[in-house]
Amino acid sequence: ASSFAAASAAPAASAAPPPSPSGAGAAGPRMEMRSAMTAALGEAMASDGRVLYLGEDVEHGGYYRVSEGLAKRFGRRRVFDWPPDEASLLGTAIGASQAGLLPIVELPYAAYLSCGYNQFVEAAFLHWLSAGRQPNGMVLRLQGFDEGVFGGHFHTANAPPVFGIPGLDVLCYSNGRDWARGLRASLAAAARGGVTMLLDSTALLTRRHLSAGDGLWQQPYPEARSGEPLSPDAVVVYGAGVPPSDSVVACAGAASLPPPCASRLAVLTYGNGVPKALEARAACGVEADVIDSPLLSRLPEALPAALRGRYDALLLVDVCREGAGPLSHQLPRLQREGALPDTWRLLDAAPTYNPLGRLTTFVSAAEIADALRALSAAPPAATLEQPRRLEQPRRAEPDGSPLDLPAARASPSVRPPPRVGAARTAPPRALVICPGRGSYNSAELGSLARMGSRPLWQPLVDEADARCAAAGLERVSSLDARA
């Protein structure tokens, strides 16, 4: 801790002045989200010598170049790499916080949090249980959330890694302008001893357009002198027929809400769902307000007022997979607040992991457009006899056979009966996955001979043996016998 404390001894003024991020300011040139994030981190480190940035490969820009140039600008005692050991990384952040510093911790992928989960939970719990007397202030940055094609399910798990931790704010911003203002609020909370998590969708880091070439998802950087911190309890309203740059920030108790659109239909979403919803709204021609609600860990204070009595129908677009998304947790809270319209749908992603290199399991703009059309044409909730279910396009295995993954769906307040599929004519097939680094032994999995239902799996083993023999490889059954 003493070495970290020494890093903060130099005043903030010793750092080079922050460069103007491509003409930052309310009317300055627009930038993609990643560039705004880099500028915001540099602004924070230049204005407060207590701020540290640590994580895997962050001296070299990190996995997605968000920290690019920070180590050169502020030195390796404030921006430094960490080995792939999340437990010690988060433990060090706790120690740095208790030494009076403000650590920002980057984890390359959201799923990696499980490797340091105990330290993470302790940081949030101790501050909350002690009523703030035990400061563990820090900001965690987690990437690899929501849509992505790199690394398979472990890197794009498409589910928030945490729920139900008192004292923790989890936020997922949709653009660089809001992220920069949100970081200021998060660091202010860290200075008070609190823990905040920022979940970043890698698909948003370099997104510039809502449709080809329009540049509408680049935002001007909010200079600190002219941009107040964005409260975690705020929501952002993108009114129908209004350019995205003219969105309205609504805070709890503020009378800043624009009037609802004439159709009294709204989309509630967050993160990557926001530009997808705006893209869908433009494509399908359905008039709807889009409400961006970045706070995922609890109900934002401004959200009930933004919904209550203003809309007749609501489409909730949760970019996470079914059962793991935050909006399904917020639905009963909205109901208790009297803010949930009688007619609503929940559209979420398929309840499965992601095929490597494919986007078929994620919510798409086309699905949002279909859900908006169905909801705008739906009768009032009191006469809604048969709820509609929107299916994803049929997917296929590499051999052309149907792939019967559970589809993302637009779900009403009462789910429809489960679909009864056609009877299968082909025998069921299975994929046997052996854990470990290409190894197979009884300590890791147990021999196949110890597994039940031999008539079901033996034909698969025989087929695998034949393929191995044809390729000149050792047979699975011989490995099993050796285990």
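The paragraphs below set out a description of the structure included in this document. Predicted, not measured: the structure shown is a model, and the values here were computed from it. (Residues numbered from 1 in each chain as written. Predicted model: local features only at pLDDT ≥ 70, side-chain atom pairs only at ≥ 80, totals over all residues. Heavy atoms only, no water.)

**Some points on the pattern of salt bridges**
So, point 1. Across all of its chains, the model carries 16 salt bridges by this definition.
So, point 2. Residues Arg 50 and Asp 48 are paired through a salt bridge, measuring 2.8 Å at the closest nitrogen-oxygen approach.
So, point 3. Classification of Arg 50 by relative accessible area gives partly exposed; the value is 34%.
So, point 4. Close ionic contact of Arg 177 with Asp 178 constitutes a salt bridge, the shortest N to O distance being 3.2 Å. The pair Arg 177 / Asp 178 is uniform in exposure class, with both members buried.
So, point 5. The structure contains a network of salt bridges with shared partners spanning Glu 32, Arg 34 and Arg 208. (Salt bridge = Lys/Arg side-chain N within 4 Å of Asp/Glu carboxyl O. Buried < 20%, exposed > 50% of the residue type's maximum accessible area, 1.4 Å probe, protein only.)

**Here's the deal with the sheet that holds strand S4 (residues 102-107)**
So, point 1. Spatially, six strands are ordered S3-S2-S4-S5-S7-S6 in an open sheet, and the strand pairing comes out parallel. Bordering the open sheet on either side are strand S3 (79-81) and strand S6 (168-171), each of which pairs with just one other strand. The sheet shows a mean angle of 20° between the axes of neighbouring strands, direction not considered.
So, point 2. Sheet topology places strand S5 (residues 138-145) next to strand S7 (residues 195-201); six bridges connect them, and they run parallel. Counterpart to Leu 142 in the pairing with S7 is Leu 199. (Pairing = 2+ DSSP bridges. Helix = DSSP H or I, 4+ residues; strand = E, 2+ residues; numbered from the N terminus. Axes fitted to C-alpha atoms, helices over the stretch in contact; angles between N-to-C directions.)

**Side note on the packing of helix H2 (residues 33-47) against helix H6 (residues 176-191)**
So, point 1. Where H2 meets H6, the closest approach of the two axes is 8 Å, and the angle between their N-to-C directions is 25°. What the angle tells us is that H2 and H6 run roughly parallel. Crossing handedness for the pair H2 and H6: right-handed. Residue-level inspection shows Met 33, Ala 36, Met 37, Ala 40, Leu 41, Glu 43 and Ala 44 of H2 in contact with H6, the latter providing Gly 176, Trp 179, Ala 180, Leu 183, Arg 184 and Leu 187.
So, point 2. The residue inventory of the contact of H2 with H6, partitioned by class, reads ten nonpolar, one polar and two charged. (Parallel < 35°, antiparallel > 145°, perpendicular 65-115°, else oblique. Left-handed = near helix turned anticlockwise from the far one by under 90°. Contact = heavy atoms within 4.5 Å. Nonpolar A, V, L, I, M, F, W, Y, C, P; charged D, E, K, R; others polar.)

**Describing the environment of Ala 123**
So, point 1. If you trace the backbone, Ala 123 turns up in helix H5 (residues 117-129).
So, point 2. Here the alpha-carbon distance between Ala 123 and Gly 194, two residues 71 residues apart in the chain, equals 8.7 Å.

**Focus: a nonpolar patch on the surface**
So, point 1. Taken together, the side chains of Phe 125, Trp 128 and Leu 129 define a hydrophobic patch exposed on the protein surface, amounting to about 330 Å² of accessible area.
So, point 2. Along the polypeptide, Trp 128 turns up in helix H5. (Patch = residues over 30% accessible without salt bridge, like charges linked within 9 Å, V, L, I, M, F, W, Y side chains within 5 Å. Areas by Shrake-Rupley, 256 points an atom, 1.4 Å probe, with all protein chains shown as cover.)

**Remarks on the environment of His 127**
So, point 1. Following the sequence through the fold, His 127 ends up in helix H5.
So, point 2. What makes His 127 buried here is its relative accessible area of 16%.
So, point 3. In this structure, the C-alpha to C-alpha distance between His 127 and Gly 167, residues 40 residues apart in sequence, is 7.3 Å.
So, point 4. Here His 127 is in contact with Gly 132, Gln 134, Pro 135, Asn 136, Arg 192, Gly 193 and Gly 194, once residues within four sequence places are set aside.
So, point 5. Within the structure, the side chain of His 127 is placed 3.3 Å from the backbone oxygen of Gly 193, a separation counted as a polar contact. (Polar contact = N/O pair within 3.5 Å; in protein donor to acceptor, adjacent residues only side chain to side chain.)

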